[in-house]
Amino acid sequence: MSELTMNKAKGQINIVLNSKTVNHLVKDERNDWFDGEEHQALRNIQKELDQLIGLDHVKKIVKEVYAWLYINRMRKENGLKVNRQALHMIFKGNPGTGKTTVARLLGKLFFEMNVLSKGHFIEAERADLVGEYIGHTANKTRDLIKKARGGILFIDEAYSLARGGEKDFGKEAIDTLVKGMEDYCDDLVVILAGYPKEMDYFLSLNPGLPSRFPLTIEFPDYTVEELVQIAKQMLREREYEMTPEAERKLCVHLEGTLEAAGRLKFSNGRYVRNLIEKAIRKQAVRLLHEGRYDKKELMTIRDRDFVFHT
Ligand SMILES: Nc1ncnc2c1ncn2[C@@H]1O[C@H](COP(=O)(O)OP(=O)(O)OP(=O)(O)O)[C@@H](O)[C@H]1O
């Protein structure tokens, strides 16, 4: 028998398997166990996972889920008992902390492992599930589940489903969702995502829900250093780089913004992406004015390309 247990406080999953060898494999900090040909599915997403800055415990959890699924498959092949694999998850984290990005990657991984038949990704919010009159909500939610079957249904700000209390149609959406999750457990992964505090409150109001989501992953806010790394990574992907002066300016700006706005209003990776895209537009205008079109200059973001409004 294999089972998945969680350490909620740390946002970590522990995988407990009867086979000692396997247990050892999971606990082992060695990183080369997935080098073999048979672990191609994990390696296919590894590159994208590696490109994510920080998120070490998220990366570790992805590997652990992979190990659990792989060993379950091996157990099945050897005629051993295998628990039903519900992979529904809760993602807790502030905006822009990588929840959507990781959910998409999991879709790919589960498809490669034949856990999901399509691996596609459907992002939904309250309005996609909740209708306006009696009977409308159940149909809307069922249609959404149908569309998501074979892939990942990612419900952002999931707590908004409970917004109107008992009389609201949100309750009907939750009930229909839970039924769909049970019915299509073998070919659908539902991920409920949102801010940590609101998610906790939402789950406390719906005591039937937590047990249906065996995995909880926490996405911490990024440090300024990580945000700068994310900026560099985004520039690299677009074939740009910033000068050391530009990097310093960005760093000072991020420190100031976090101090002034606090974490609640800050959208982490998305904020950085917006800054980068804006700087790229500013650079384009500057280069036109300067008439400089050599390759080096076309790739360079200078400090004056970062224009911040305070
Ligand atoms: N660790 C990371 N490394 C590199 N880029 C990142 C990382 N985390 C987030 N990003 C980038 O930040 C942007 C926002 O990320 P994403 O949409 O995954 O966040 P989110 O948590 O789903 O946000 P929200 O809940 O507000 O929708 C994306 O462009 C993503 O590529």
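The notes below deal with the structure included here. (Residues numbered from 1 in each chain as written. Predicted model: local features only at pLDDT ≥ 70, side-chain atom pairs only at ≥ 80, totals over all residues. Heavy atoms only, no water.)

**Focus on the site of the ligand**
In the region of the ligand, 18 residues are neighbours, and T100, T101, Y222, R270 and R273 sit closest. G96 places a polar main-chain atom, nitrogen or oxygen, 2.8 Å from an oxygen atom of the ligand. Taking 630 Å² as the accessible area of the ligand by itself, protein coverage stands at 86%. The cavity where the ligand resides is the largest pocket. Listing elements by their share of the shell around the ligand, those giving two or more residues are α4 (99-112), α9 (224-237) and α11 (268-290). When its residues are assigned to classes, the shell around the ligand shows seven nonpolar, seven polar and four charged. The two domains that each donate at least three residues to the shell around the ligand are domain 1 (2-219) and domain 2 (224-305). (Near = heavy atom within 4 Å. Polar contact = N/O pair within 3.5 Å; in protein donor to acceptor, adjacent residues only side chain to side chain. Areas by Shrake-Rupley, 256 points an atom, 1.4 Å probe, with all protein chains shown as cover. 1 Å grid on protein atoms, 1.4 Å probe; cavity = no way out; pocket = protein on both sides within 12 Å on 5 of 7 lines; lining within 4 Å. Sits in = over half its atoms within 2 Å of the grid points. Helix = DSSP H or I, 4+ residues; strand = E, 2+ residues; numbered from the N terminus. Nonpolar A, V, L, I, M, F, W, Y, C, P; charged D, E, K, R; others polar. Domains from an automatic or database assignment.)

**Some words on the packing of aromatic side chains**
Enumeration over the complete set of coordinates arrives at seven aromatic pairs. Both rings, one in F121 and one in F154, keep their centres 5.6 Å apart while their planes meet at 35°; by these two values the pair is tilted. Here F121, found in strand β4 (residues 121-124), pairs with F154, found in strand β5 (residues 152-155); they are 33 residues apart in sequence, far enough to count as distant. Taken together, a centroid distance of 5.6 Å and an interplanar angle of 20° make the contact between F306 and F308 stacked. The residues F306 and F308 share a single accessibility class, namely buried. A connected cluster of aromatic rings, assembled from ring pairs, spans F91, F121, F154 and F219. (Phe/Tyr/Trp six-rings, centres within 6.5 Å; stacked < 30°, edge-to-face > 60°. Buried < 20%, exposed > 50% of the residue type's maximum accessible area, 1.4 Å probe, protein only.)

**Considering helix α6 (residues 136-148)**
The periodicity of an α-helix, 3.6 residues per turn, causes residues three or four positions apart to be oriented the same way. Given a rise of 1.5 Å per residue, 13 residues ought to cover 18 Å, and the 18 Å separating the end C-alpha atoms of α6 matches this to within 8%. Structurally, α6 contributes buried residues whose contacts are with β4, α5 (126-129), β5 and α7 (170-183). In the stretch just after α6, G150 is the one whose phi turns positive, near 95°. (Expected span 1.5 Å × (residues − 1). Contact = heavy atoms within 4.5 Å.)

**Side note on the packing of α9 against α11**
Relative orientation of the contacting elements α9 and α11 amounts to 45°, with a least axis distance of 9 Å. Judged by the inter-axis angle, α9 sits oblique to α11. Crossing handedness for the pair α9 and α11: right-handed. On α11, the residues touching L227, I230, A231, M234 and L235 of α9 are N268, G269, V272, R273, I276 and I280. Counted by class, the contact of α9 with α11 contains eight nonpolar, two polar and one charged residues. (Axes fitted to C-alpha atoms, helices over the stretch in contact; angles between N-to-C directions. Parallel < 35°, antiparallel > 145°, perpendicular 65-115°, else oblique. Left-handed = near helix turned anticlockwise from the far one by under 90°.)

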